[in-house]
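Each chain, letter by letter, is given below.
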Amino acid sequence: METSAGHPPGTSLHINSGDILRQDNPQNDNDNSSPPQTTPEPAVSDSQPDDLPEPSKPEIPPSELPPPPTGNTPPQVKKRRRRKRFFTDMIPTSVSAAAVSGLRVLRPNPKPSTAYSYSETELATGDDLNKNHNRRRRISDLAKEVDLEALIAISVGFPVDSLTEEEIEANVVSEIGGVEQSNYIVVRNHILARWRSNVTVWLTKDHALESIRAEHKNLVHSAYTFLLQHGYINYGVAPAIKELKFKTPEGVPKGNVIVIGAGLSGLVAARQLISLGFKVVVLEGRGRPGGRVRSKKMSGGRNGVVAAADLGGSVLTGINGNPLGVLARQLGIPLHKVRDICPLYLPNGRTVNSDIDSKVEASFNKLLDRVCKLRQAMLDEVKSVDVSLGTALETFRHVYRVAEDPQEQMLLDWHLANLEYANASLMSNLSMAFWDQDDPYEMGGDHCFIPGGNERLIRALAEDIPIFYDRTVESVRYGTDGVLVYAGGQEYRGDMVLCTVPLGVLKRGNIEFVPDLPQRKKDAIERLGFGLLNKVAILFPYDFWGGEIDTFGHLNEDPNMRGEFFLFYSYSSVSGGPLLIALVAGEAAVKFEKMSPLESVGRVLEILKGIFSPKGIAVPDPLQAVCTRWGQDQFCYGSYSYVAIGASGDDYDILSESVGDRIFFAGEATNKQYPATMHGAFLSGMREAAHILRVADRRSISPAEKSNNFSQENIIVVDKFFDTPDLKFGSFSVLYDPISTDLESNCLIRVALQGEKLLYLYSLIARRLVLELSKLEGDLSRIQMLTRDFGVKLVGWKNLSAAAGSLITSIESARSV
């Protein structure tokens, strides 16, 4: 599972294409002062807009930027393979076949200067045999071109020779399978690759048509519309993109959407919804955007050393197809590849023996392989059986007598800590059956840092978005007439709400949903895990560890504390200053939040001195140190999601399901393919924007301020419920709240008035008052008590309040079970 707060370095397939590309004290002017000044970092809202240098100013001189990978790197100490990689990165041979079969879609005369366009006469036919050789060569070149486009589409997440569920739902073709679908896929891949070749411009439909034969205009329209509405093309922060994205759409707004949370998913969804014609407001509890992506400006020393530390989401885990890589390209930010070299150090500071290191790493991977075979056998026999991954690995370790030597045991514990870091949880919490269910979808390519911090992306995404900060959402009420969101003592009314709060907040139940969320969704929230990773960021007066590596590891003797500062990230190449970040994972991450910052930083310095002092390298006193406390942050209560025992990837899908076509959910914990990643959050925001558009188009929802009326369809449904009311006396019929037996809970009451024709009036009333009414004799006495004593106003169906709509939705859900 790739992590939103960073990820250990690793190797994976790199596609060579131009596209494929986690409180400060006052500064101390004494560079050699002791002890270091530290501040606990609750990550609530103390980050100010001026925490970072202005994005327009280069954080590091061009001369200090790392050169592009050329293979001429310093001697490698040790490459750390990814914590798991059981799926081969490859393009199936069917791609070539699909490409050749798709040649029929190309028109004969595209513009040769256009990127990803095709040569002039691929499909020319004739009797001149002398042209056959050239024609075959052109067709071969074309096949390679279409293969490249298929590669780009695969990197973005599209299957090779089939449609996605979203495409099927969008009816992109008239018939699933067959020639039309094959042609559509080639056209879709071409449009996608065409825009990816230059992400700073807006790709129009006419541009897409330039290299497609005229008879396939309908496929171009279908593919272009799908890619545009689902956020695969023409997205981001380039000036040309922003100009058209925020151009006022023609016609009436499609509806009002309230977005809860200004993290990556919320910001992306808000931008996309605005471009699709919605009115949007974003409510954010913190005083800043970004959520779990937070870059902190650190400074100190006589020379004014400054660095940007990513305290939350940090590493772009796989750049091939990654939308965050697109944003970086649009902003002109040079990405820094996280180099694979990662030396490990024993507690005494000595470097781990390379032979022992290789032996334990191989044994560790064999243990994982054996667990995979075991779980497959178990799932084949009994599908509901699940145990912890930690239990399974420990059992196999004893059976096969792995890592019995003390040094080997420490090495194995380091790999286990790395695994706990990747999943933000203890091994004892991870599902053996499904902990790595997202592996087949991992982004390929290098892992990269964003120079200057990931908040550069956040700032760009937050521009021109109506965000209300310091608005902590308390409740969401929804019904057939819309939604009401209560935050910061204010009420916000809309047609739909997009909830992007972290899974930790949903687990705590900090937001009240009225009516309550479906049990299916609550069960998924309960089953999925939400883990913890913490960091200590330390700014030094100079780089004493050397700039040739980006990571190094440290082994612990205590197995229970194996995750304590087990991995160090060097940010000197990208932060603007000599910055080290030490990671705390597993059980150590939980205990870390109970330690004082001074104690934590002292422990880090002790480890660093143990590594570098024997080499004759003095470790200077820090200029500034920051300790995170993500578990105590009321806006997340942790770092990112994982598959706990008893959970599965399906729970991510359940969490992403909308409720009543009124409440929608986004965020990394709603993305089955890319959970626990920044790009997973980004993609989920795009997904839900498209989902909201489909619902709005299907239901033709009017803006809430123009119409809060219940439809005739709703009247018919509720009248059926009144055929079997929960209570009936005289002309009064009552429907109770199905999720509450409290005497103060609301009921929907209907009064039948006889005249020339039967007339129904409605109102909301507390159950306690209903019981009092039922004790009276005669409808006249009841109506007098209702209106005079209780002050209740009877109204027609169309004038019912939003609270009545919420109750009706709850009744409908209960009676449909």
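For the structure itself, consult the block above.
Values in this document were obtained by computation on a predicted structure and should not be read as measured data.

Enquirer: Quick one: what's the story with the sheet that holds strand E9 (residues 447–449), residue by residue and with numbers?
Expert: Spatially, the 3 strands line up as an open sheet ordered E6-E9-E7, and their pairing is antiparallel. Sheet topology places strand E6 (316–317) and strand E7 (336–337) at the edges, where each strand pairs with a single neighbour. Both E6 and E9 contribute to a ladder of 2 bridges, which runs antiparallel. The partner of Thr317 across the bridge, within E9, is His447.

Enquirer: Pulling in residues and values, what's your account of the packing of helix H9 (residues 323–331) against helix H13 (residues 455–462)?
Expert: In contact at an axis separation of 11 Å, H9 and H13 are set at 80° when each is read in the N-to-C sense. Looking at the two axes, H9 sits roughly perpendicular to H13. Judged by residue contacts, Leu324, Leu327, Ala328 and Leu331 of H9 engage Arg456, Leu457, Ala460 and Leu461 from H13. Class assignment for the residues of the contact of H9 with H13 results in 7 nonpolar, no polar and 1 charged.

Enquirer: I'd like to hear about the sheet that holds strand E25 (residues 732–736), residue by residue, with values.
Expert: The strand order E24-E25-E26-E27 describes an open sheet built from 4 strands, whose pairing is antiparallel. Each edge of the sheet is formed by a strand with only one pairing partner; in this case those strands are strand E24 (727–729) and strand E27 (759–766). Averaged over neighbouring strand pairs, the angle between their axes works out to 20° when direction is ignored. Pairing of E25 with strand E26 (residues 746–753), which is carried by 5 bridges, proceeds in the antiparallel orientation. In the strand pairing of E26, Leu735 is matched with Leu748. The sheet contacts of helix H21 (residues 767–774) involve E24, E25, E26 and E27, and relative to E27 the element is tilted by about 120°. This element, helix H22 (residues 779–789), spans E24, E25, E26 and E27 of the sheet and lies at about 50° to E25.

Enquirer: Please set out the packing of aromatic side chains residue by residue, giving values where relevant.
Expert: Counting across every chain of the model gives 22 aromatic pairs. Plain terms: the ring middles of Phe449 and Tyr571 are 4.4 Å apart, the flat faces sit at 35° to each other, and that makes the pair tilted. You can see Phe449 sitting in strand E9 and its partner Tyr571 sitting in the loop between strand E19 (564–570) and strand E20 (579–584), a full 122 residues away along the chain. What makes Phe449 buried here is its relative accessible area of 1%. Here Phe513 and Phe665 contribute two aromatic rings whose centre-to-centre distance is 6.3 Å and whose plane-to-plane angle is 45°, an arrangement assigned as tilted. Pair noted here: Phe513 is in strand E15 (residues 512–514) and Phe665 is in strand E23 (residues 663–665), with a separation of 152 residues, a long-range link. There is no split in this pair, since Phe513 and Phe665 are both buried. Site record: aromatic cluster; members linked through ring pairs are Tyr345, Phe540, Phe544, Trp545, Phe552, Phe568 and Phe612. Stacked on the ring of Tyr637, the Lys or Arg Arg508 has its end atom at 3.9 Å from the ring centre. The aromatic ring of Tyr736 is capped on one face by Arg767, whose charged end is 3.8 Å from the ring centroid.

Enquirer: So what's going on with unusual backbone geometry? Which residues, and what values?
Expert: Trans is the common state for peptide bonds, and a negative phi is the common state for residues other than glycine. In this structure, the amide linkage connecting Val514 to the following residue, Pro515, adopts the cis form with an omega of -5°. Here Pro515 lies in the loop between E15 and helix H15 (519–527). Positive phi, normally seen in glycine, also occurs at Ala403, with a value near 55°. Along the chain, Ala403 falls in the loop between helix H11 (389–399) and helix H12 (406–423). A relative accessible area of 5% places Ala403 in the buried class.

Enquirer: Tell me what's going on with the pattern of salt bridges, and back it up with residues and numbers.
Expert: Inspection of the entire model under this criterion finds 32 salt bridges. Note that Arg694 is salt-bridged to Glu169, the shortest N-O span being 3.2 Å. Of this pair, Arg694 sits in helix H19 (residues 678–699) while Glu169 sits in helix H3 (residues 165–169); the two residues are 525 residues apart in sequence, bridging distant segments of the chain. Its relative accessible area of 45% is what places Glu169 among the partly exposed residues.

Enquirer: With reference to specific residues and values, describe the environment of Ser639.
Expert: Mapped onto the secondary structure, Ser639 falls in the loop between strand E21 (624–628) and strand E22 (641–642). The exposure class assigned to Ser639 is buried, which follows from its relative accessible area of 4%. Taking C-alpha positions, Ser639 is 8.4 Å from Gly504, a pair spaced 135 residues apart along the chain.

Enquirer: Account for the pairing of E26, with residues named and values stated.
Expert: Of all 8 residues making up E26, 6 are buried, and the element is well covered by its neighbours. Relative to E27, E26 is paired through 8 bridges, and the arrangement is antiparallel. Across the sheet, Ala752 pairs through a bridge with Tyr760, a residue of E27. Between the antiparallel neighbours E26 and E27 lie 5 residues.

Enquirer: I'd like a description of H9, backed by residues and values.
Expert: Of all 9 residues that make up H9, 7 are buried, and the element is covered over most of its length. Every buried residue of H9 is accounted for by Pro323, Leu324, Gly325, Val326, Leu327, Ala328 and Gln330. Once H9 ends, the next one or two residues include Gly332, with phi positive near 70°.

Enquirer: Run through the environment of Gly577, naming residues and quoting values.
Expert: Secondary-structure assignment places Gly577 in the loop between E19 and E20. Taking relative accessible area as the criterion, Gly577 reaches 7% and is therefore assigned buried. The spatial distance from the C-alpha of Gly577 to the C-alpha of Val306 is 5.6 Å, given a sequence separation of 271 residues. Each residue touching Gly577, except ones within four places of it in the same chain, is listed here: Val306, Ala307, Leu539, Tyr571 and Ser572.

Enquirer: Before we move on, can you summarise the side chain of Ser295 with the specific residues and values?
Expert: With respect to the secondary-structure elements, Ser295 resides in strand E4 (residues 295–300). The exposure class of Ser295 is buried, given its relative accessible area of 0%. A polar side-chain atom of Ser295 sits 3.3 Å from the main-chain amide nitrogen of Asn454.

Enquirer: Tell me about the nonpolar core, residues and numbers included.
Expert: The biggest cluster of nonpolar side chains holds 77 residues, and the ones touching the most others in it are Tyr184, Ile191, Leu264, Phe278 and Phe682. No other element matches H19, which puts 10 residues into this core. Phe278 has contacts with Lys254, Gly255, Val257, Leu273, Met496, Ile692, Leu693 and Ala696, leaving out every residue within four places of it along the chain. Membership of the second largest hydrophobic core comes to 55 residues, among which are Trp414, Leu430, Leu539 and Leu555.

So, how was this worked out
Residues numbered from 1 in each chain as written. Predicted model: local features only at pLDDT ≥ 70, side-chain atom pairs only at ≥ 80, totals over all residues. Heavy atoms only, no water. Pairing = 2+ DSSP bridges. Helix = DSSP H or I, 4+ residues; strand = E, 2+ residues; numbered from the N terminus. Axes fitted to C-alpha atoms, helices over the stretch in contact; angles between N-to-C directions. Parallel < 35°, antiparallel > 145°, perpendicular 65-115°, else oblique. Contact = heavy atoms within 4.5 Å. Nonpolar A, V, L, I, M, F, W, Y, C, P; charged D, E, K, R; others polar. Phe/Tyr/Trp six-rings, centres within 6.5 Å; stacked < 30°, edge-to-face > 60°. Buried < 20%, exposed > 50% of the residue type's maximum accessible area, 1.4 Å probe, protein only. Lys NZ or Arg CZ within 6 Å of the ring centre and 35° of its normal. Salt bridge = Lys/Arg side-chain N within 4 Å of Asp/Glu carboxyl O. Polar contact = N/O pair within 3.5 Å; in protein donor to acceptor, adjacent residues only side chain to side chain. Core = buried A, V, L, I, M, F, W, Y, C linked by side-chain atoms within 4.5 Å.

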